[in-house]
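# What the coordinates show
Take a look at the letters that make up each chain.
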Amino acid sequence: MFYLRFKKTAHAILTLTLIYGMMFMPLSVVKAADHADSTLVALDPGVDLADTFAFLDPNDNSKVVLAMTFAGFVVPSEALNFGLFPSDILYRFEIENTGDAVPDRYIDITFSPQTSRTVPQTATIEFSGRKGIRKPPFSAKFTAPTTLPNLSPTAAPFVVTRDSISGISFFAGLTDDPFFFDIVGFGRFNTSVMSGTPDPTRLQRARDSFAGYNIHTIAMELPAKLLRGSAGDMIGVNNTTLRQRFSTRLDNGQAVGSGDYVQIDRSATPALNTVLIPFSRKNEYNNSTPPDDANLIFANSIIASLTALGTSQSNIVILANVAVFHGDYLRLNLATPNTGHGVGERITSPNYTGFPNGRRIGDDTVDTLMYFITNQAIVMGDNVNSNEAPLVNTFPFFGRPHQPLENPAVDPTRN
Ligand SMILES: [Ca+2]
Ligand SMILES: [Ca+2]
Ligand SMILES: [Ca+2]
Ligand SMILES: [Ca+2]
C-alpha cells in the first residue's frame, strides 16, 4: 500500500517539476554522511552522529560488526583534549528484525566521567529487547574500558573487550575517520552549475576533506544469532544519541541530567538528512523515528529533493525502498557472504555485496548514492575512491588514529 501511495505522489510531482540534466544537477546540499547535519547537533559534537556501519566480519561471517562514529575532525595533536567520551549522552544501536519499521532490540552504551587523562573511562553496554516484550529472547550487560589516546608517533593498540557470556566484543576510542569525500570539489562544481557554466572537471580534484583527522568510534561485534528475528536473515540498524530531558546546572558549573531520555540525532542511511531533507526539517528528522519514516512523514520532502536533483521515478523508488517504506535503517542481509572491507569496489563491480546491503568501512557510499540519484549517469562520483588510512584486519577493523607528525612534510590533510 505504501508503495502505491508513494508511487502516485511521486508521479504527480514528477509531472509538475522541471527535470535537470543528469550531469549538471545542483549538488550544494551534498555535504557529508551525517556530521553537522542540523543546527541542534552542529555545535554539540558529542551527540552528532556521523556514520553508521553494519557488516559481516570478513574473517567470520557468523559475526556482525555494528559501529557508529561521532565528534569528528579531531586534530591528532588535540587527541588528549578531545579524545574523551561524554558521560551525559546515551548512545543507542536500534536493531529491527521483524520486517516492519519498529525496532526490536536495543544496545545502549553509556560512559563513566573522565577522571584522569591516564585512566580509561568505563563503558556500560546493555543489550535488551524492546520495552513491552514480556520476555526478550536474550539480554546482556557488561562493562569495558575505552582506548586511551596518546600523542606519541605510534597509536596505542586498540583495546577490545569480549564478554564471555554473550560473546559480544566492544571497542570505543579514537580512530581514523573512515568517511571519504571531496566537500570542496562538490561545492565548486555546484557553483559552476549555478553560474550557468557547468564544469564537471571540478569533480576531479580528488581530495578527501576528512583525510588526516580522527573521529570517536564505538564498535561492537555480535554473534549474528543474537540479532536475528522473524525476518530471518534481514536486519536493520539505526543509531541514535539521546540526552535526559532535564539538565540542572550546579553552582560548580557542572550539569546534572534527570528525567527520561530524548533523542537528539539519528543516523542510518548515509547522507539522507544532509542531502534530501530540507534545512527547515533537519532537526525534526533527527528527532524522528523509522516508524515516522514508514508513515511517510518525510516522503514528500525526499521526493521533492530527488526530483529537483533530476532523479527518475524508478530511482526514487529504489532509494525509497532503502530508506522510507520500512523506515530509515541500514539493512543488512546476514546470508550474503562478506570477504573484505569493500575498499576500491563500487556498485558496478562484479559480485559487489556492500552498501546499500549494510555498509562496510571501505564502501564508497557517496558514489553509490550519486549512481542512483543521477540515474546511473555519474559512476565515478567525486573521484575520491578510498580512505587514506589502511583498515586493520581484525575487529574493530577501523584505521588506527592519526598521530602528531614527526615530519610535517607528510601532513595527510587535504582541505
Ligand atoms: Ca549527525
Ligand atoms: Ca520490528
Ligand atoms: Ca580517513
Ligand atoms: Ca567517492
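Computed from a predicted model, the values in this text were never measured in an experiment.

The next point concerns the coordination of the calcium ion (ligand 4). Only D364 (OD), D364 (OD), D367 (OD), D367 (OD), D382 (OD) and V384 (O) from the protein coordinate the calcium ion (ligand 4), and they sit 2.3 to 3.0 Å from it. Angles of 45 to 158° at the metal separate the six donor atoms of the calcium ion (ligand 4), which places the site in the irregular class. Mapped onto the polypeptide sequence, the residues donating to the calcium ion (ligand 4) form the spacing pattern D-x2-D-x14-D-x1-V. Of this pair, D364 sits in the loop between β12 (330–333) and α10 (365–373) while V384 sits in the segment after α10, and the two are 20 residues apart along the sequence.

With that settled, the discussion passes to the coordination of the calcium ion (ligand 2). Six octahedral donors at a metal ideally form angles of 90 or 180 degrees, and four tetrahedral donors ideally form angles of 109.5 degrees. Here the calcium ion (ligand 2) is held by the protein donor atoms E96 (OE), T98 (OG1), D100 (OD), V102 (O), D104 (OD) and D104 (OD), which lie 2.2 to 2.7 Å from it. With six donor atoms in place around the calcium ion (ligand 2) and angles of 50 to 176° between them, the coordination shape is irregular. Read in sequence order, the donor residues for the calcium ion (ligand 2) give the motif E-x1-T-x1-D-x1-V-x1-D. On the basis of relative accessible area, V102 is assigned to the partly exposed category, the value being 29%.

Here the focus is the pairing of strand β4 (residues 105–111). Where a strand is regular, its side chains alternate between the two sheet faces. Burial analysis of β4 places six of its seven residues in the buried class, which makes it a mostly covered element. When strand β3 (residues 90–96) meets β4, the two strands line up antiparallel, connected through five bridges. The residue bridging Y91 from the neighbouring strand is I109, located in β4. Two strands pair when backbone bridges link them, and β4 and strand β5 (residues 122–129) are joined in this way by seven bridges, in the antiparallel orientation. Following the sheet pairing, R105 is matched in β5 by G129.

To continue, consider the packing of aromatic side chains. By the definition in use, this model includes 14 aromatic pairs. A ring pair is formed by F179 and F210, whose centres lie 5.0 Å apart and whose planes are at 80°; its orientation type is edge-to-face. In this pair, F179 is assigned in the loop between β8 (169–176) and α4 (183–194) and F210 in the loop between α4 and β9 (214–223), connecting sequence segments 31 residues apart. For F179, a relative accessible area of 4% gives the class buried. Of the aromatic side chains, those joined through ring pairs into one cluster are F73, F179, F181, F210 and Y213. Taking the ring centre of Y285 as reference, the NZ or CZ of R266 above it sits at 3.8 Å. We note R360 situated over the ring of Y352; from NZ or CZ to the ring centre the distance is 5.6 Å.

Moving on to the pattern of salt bridges. As enumerated under the stated definition, the model contains 14 salt bridges in all. Between R359 and D51 there is a salt bridge whose closest N-O contact spans 2.6 Å. Within this pair, whereas R359 is found in the loop between β12 and α10, its partner D51 is found in strand β1 (residues 49–56), the two being separated by 308 residues in sequence. In this structure R359 comes out as buried when scored by relative accessible area, which is 2%. We note a salt bridge from E345 to R360, for which the minimum N-O separation is 2.9 Å. Placement of the pair is E345 in the loop between β12 and α10 and R360 in the loop between β12 and α10, with a sequence separation of 15 residues. One salt-bridge network, held together by shared partners, links D44, D88 and R243.

Calculation rules
Residues numbered from 1 in each chain as written. Chains lettered and ligands numbered in written order. Predicted model: local features only at pLDDT ≥ 70, side-chain atom pairs only at ≥ 80, totals over all residues. Heavy atoms only, no water. Donors = N, O, S within 2.8 Å, 3.2 Å for Na, K, Ca; no water. Tetrahedral: all angles 85-135°; square planar, octahedral: opposite > 155°, others 65-115°. Helix = DSSP H or I, 4+ residues; strand = E, 2+ residues; numbered from the N terminus. Buried < 20%, exposed > 50% of the residue type's maximum accessible area, 1.4 Å probe, protein only. Pairing = 2+ DSSP bridges. Phe/Tyr/Trp six-rings, centres within 6.5 Å; stacked < 30°, edge-to-face > 60°. Lys NZ or Arg CZ within 6 Å of the ring centre and 35° of its normal. Salt bridge = Lys/Arg side-chain N within 4 Å of Asp/Glu carboxyl O.

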